[in-house]
Amino acid sequence: MLERAIAGLNILSSAYGSARGNTGLCERHESFVTSATPACPQFVKE
Amino acid sequence: MTDPAQSWDESSEEARPKHLGWKEFYRKEDWWAVWLGIALMVLAIGLFEAGGSNIVKALAINPGGLKWSSFGQLADHFSQNALLYFYQLVFWLVLFGGGAAIMGASLKEFIPGFIFLYVLAVIMFAIAGWANAAAFNLEAPLVALILGLVIANVARLPKWMDSAFRVEYFIKTGIVLLGATFPITLVLTAGPVAIAQATVISIITCLVIFFVGTRIFDIDKRLAAVLGAGGAVCGVSASMAIAASVNAKKEHLYTSVTLVVGWALVMIVVLPFLSRAMALHPGVAGAWIGTSEFADAAGFAAASTYGKMAGNEDAVIKSFTLMKVIGRDLWIGIWSIVFATIATLVWEKGESGSRPDAREIWWRFPKFVIGFLVASALMTAFTGSFSAADFSGRVRPNVLAPLVSLRTWTFIFCFLSIGLTTRFRDLHAVGWKPFWAFSIGVAVNVVLGFILSVIVFGSYWASI
């Protein structure tokens, strides 16, 4: 899914490599997050 | 392919991507490269000990060494060995297809895509095996890349075939196999030199891109950080690793993808021809390519191309591997923590990304390098027990040569896949500010790399 969400990611990289760690994509805010990312401030406000 | 932990339920504060834990051992390409590469090595050694080396030699068949001068010769080779090539196709399908399926690939997509890739690879080897290939600069890595680009952008292959065009999966498996012909003593003696040289260049390049981008062109510092990592460490993989550290946007990674891919493709062509024009020693050129290229796959394409031009692929590959894999790839986790620390402590609150977590050093560590080191240590130990005569007469042709051939197959799969997945129409347009920030960094990187590899440490890299 990440490779389909980001065109060109699979050309010289991979969503299945160790370097990605557990980086994910928040599709609502279109930003990258990991398990260490602080809770979304917009979510807390809502 | 499905990706675990890629989307999450925003209704829960705890809904964040989770680490795979033990699942990483079968859900990450790095580990599959380790399992496949080491298994092939153990198979080659085991069959050698059992007197069955003909099996692995048959599985490693390729027409690259034919030096054919008539189509009749080529046709004879294929007709006499048709069954072996069929077994080899099945062998690769089981090996790569099995791992891909366990990682989440659809075999309905992978199998036809991989058969297509295999046929192209056979054609690449056949071209490489032409007696006049070198005279016309038909180096297999370049031909594979260009053919892939033409097919992807003219013939418009369906996207589902990308399931089989796994650039990183193939190159990582190839790097583990490379360990089998890479003495561990060389890693231990030359590794520190490579690390020191690569670190100096990476830090300077990253700082140039970041400060030129933010101070001169006033681009978003998250974008500048993503571009800095992409240009200085290891391409888009590094950009993605840093992206979460600095809370980068999707569009920032799009910019990095376009610039890294664009410049990487240019370097695959320019670096070998520049090296040839300057008659660089293969070991020196490999070191220079190691700090100038952005991704392992592109770097090996450039290094292999020059190696074939210079008639010494082994030397180029060795110094490239030391500089890029040992000197740069290993440190991605540390770069991620450094950026996370800067974003958290230095940048304004609200813009910071993830908190620094020392475990990132291991989580993001390129595990395929472990396979490379294990393969190197294992083969060094195994071959150390043979006399020079036995090594040349028995071990090299029956163990090392088949492994080199298998590695070459994985490299050709990789180079074809680079071209086949590069659809120019899908790459996002880039503004002139990030373009110039990145390109100035590239220029500094290439020049600094040249100074260190050719002038300062030239005699060292020529002697490894």
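Bear in mind that the values here come from a model prediction, so they are computed numbers and not experimental data.

Examining the overall build of chain A
(1) Moving on: The helix and strand tally for chain A stands at three helices and two strands.
(2) Moving on: Listing every helix and strand of chain A by position from the N terminus yields α-α-β-β-α.
(3) Moving on: Out of the 46 residues in chain A, the part that is buried amounts to 63%.

Some words on helix α19 (residues 432-456) of chain B
Residues and elements named next belong to chain B.
(1) Moving on: Between the first and last C-alpha of α19 there are 34 Å, a value that for 25 residues agrees with the 36 Å anticipated at 1.5 Å per step.
(2) Moving on: The set of residues buried in α19 consists of Pro434, Ala437, Phe438, Gly441, Val442, Asn445, Val446, Gly449, Phe450, Leu452 and Ser453.
(3) Moving on: Packed against the buried residues of α19 are α9 (184-216), α10 (221-245), α11 (250-277), α12 (282-292) and α20 (458-463).

Observations regarding α9(B)
Residues and elements named next belong to chain B.
(1) Moving on: Its 33 residues give α9 an end-to-end C-alpha distance of 45 Å, which sits within 8% of 48 Å, the value for a rise of 1.5 Å per residue.
(2) Moving on: Ala190 marks where α9 bends most, by close to 45°; the proline Pro192 follows one to four residues later.
(3) Moving on: Asp218 sits one or two residues past α9 and shows a positive phi near 55°.

A short note on the confidence of the model for chain A
Any residue range with low pLDDT should be treated as having predicted coordinates unsuitable for detailed reading.
(1) Moving on: Chain-level statistics for chain A give a pLDDT mean of 77 and a share of 74% at 70 or above.
(2) Moving on: For chain A, helix α3 (residues 41-45) of chain A is the element with the lowest average pLDDT, namely 52, and helix α2 (residues 9-12) of chain A is the one with the highest, namely 92.

What about the nonpolar core?
A general feature of soluble globular proteins is that nonpolar side chains tend to end up buried together.
(1) Moving on: Among the nonpolar cores identified, the biggest contains 153 residues, and A:Leu12, B:Ala264, B:Ala298 and B:Ile412 are the most heavily contacted of them.
(2) Moving on: For this core, the element with the highest residue contribution is α10(B), accounting for 16 residues.
(3) Moving on: Dropping the residues within four chain positions of it, A:Leu12 is found in contact with B:Val167, B:Gly235, B:Val236, B:Val260, B:Val261, B:Ala264, B:Ala295, B:Ala297, B:Ala298 and B:Ile418.

Describing the confidence of the model for chain B
All names here are of chain B.
(1) Moving on: Across chain B, pLDDT averages 92, with 95% of residues at or above 70.
(2) Moving on: Within the model, the stretch residues 1-15 combines pLDDT values under 50 with 29 contacts to residues more than four positions away or in other chains.
(3) Moving on: The complex model carries a pTM of 0.92, and its ipTM stands at 0.84.

Let's talk about the environment of B:Gln88
All names here are of chain B.
(1) Moving on: Considering the arrangement of structural elements, one finds Gln88 in helix α5 (residues 82-103).
(2) Moving on: Given 20 C-beta atoms within a 10 Å radius, Gln88 is considered buried.
(3) Moving on: The sequence separation of Gln88 and Tyr118 amounts to 30 residues, and the corresponding C-alpha distance is 9.7 Å.
(4) Moving on: Those residues within four positions of Gln88 in sequence are excluded, and the remaining contacts are Leu59 and Ile61.

Overview of the packing of helix α2 (residues 29-49) of chain B against helix α8 (residues 167-179) of chain B
Residue and element names in this part refer to chain B.
(1) Moving on: Contact geometry for α2 and α8: axes closest at 8 Å, N-to-C directions at 40°. Judged by the inter-axis angle, α2 sits oblique to α8. The two elements α2 and α8 cross, and the hand of that crossing is right-handed. Between α2 and α8, the contacting residues are Glu29, Asp30, Trp32, Ala33, Val34, Leu36, Gly37, Ile38 and Leu40 on the first element and Glu168, Tyr169, Lys172, Thr173, Val176 and Leu177 on the second.
(2) Moving on: Class assignment for the residues of the contact of α2 with α8 results in nine nonpolar, two polar and four charged.

Things to note about the packing of α11(B) against α19(B)
Residue and element names in this part refer to chain B.
(1) Moving on: Axis separation between α11 and α19 bottoms out at 11 Å; the angle between their running directions is 40°. The pairing of α11 with α19 is recorded here as oblique in orientation. Crossing of α11 against α19: the hand is right-handed. On α19, the residues that touch Thr255, Leu259 and Trp263 of α11 are Pro434, Phe435, Phe438 and Val442.
(2) Moving on: Partitioning the contact of α11 with α19 into residue classes produces six nonpolar, one polar and no charged.

A closer look at unusual backbone geometry
Residue and element names in this part refer to chain B.
(1) Moving on: Phi angles above zero are rare outside glycine, and Asn137 is one such case at about 55°.
(2) Moving on: Tracing the backbone shows Asn137 in the loop between α6 (107-128) and α7 (140-155).
(3) Moving on: Residues other than glycine seldom take positive phi values, yet Asp218 does so here, at roughly 55°.
(4) Moving on: If you trace the backbone, Asp218 turns up in the loop between α9 and α10.

Things to note about the environment of B:Trp288
Residues and elements named next belong to chain B.
(1) Moving on: Within the secondary structure, Trp288 sits in helix α12.
(2) Moving on: Separated by 37 residues in the primary sequence, Trp288 and Glu251 place their C-alpha atoms 31 Å from one another.
(3) Moving on: Ignoring sequence-local partners within four residues, the contact set of Trp288 consists of Gly449, Phe450, Ser453 and Val454.

The rules behind each value
Residues numbered from 1 in each chain as written. Chains lettered and ligands numbered in written order. Predicted model: local features only at pLDDT ≥ 70, side-chain atom pairs only at ≥ 80, totals over all residues. Helix = DSSP H or I, 4+ residues; strand = E, 2+ residues; numbered from the N terminus. Buried ≥ 20, exposed ≤ 12 C-beta atoms within 10 Å, placed from the backbone. Expected span 1.5 Å × (residues − 1). Contact = placed C-beta atoms within 7 Å. Bend = angle between axes of the 7 residues up to and from the residue. pLDDT = per-residue confidence, 0-100. Core = buried A, V, L, I, M, F, W, Y, C linked by C-beta atoms within 7 Å. Axes fitted to C-alpha atoms, helices over the stretch in contact; angles between N-to-C directions. Parallel < 35°, antiparallel > 145°, perpendicular 65-115°, else oblique. Left-handed = near helix turned anticlockwise from the far one by under 90°. Nonpolar A, V, L, I, M, F, W, Y, C, P; charged D, E, K, R; others polar.

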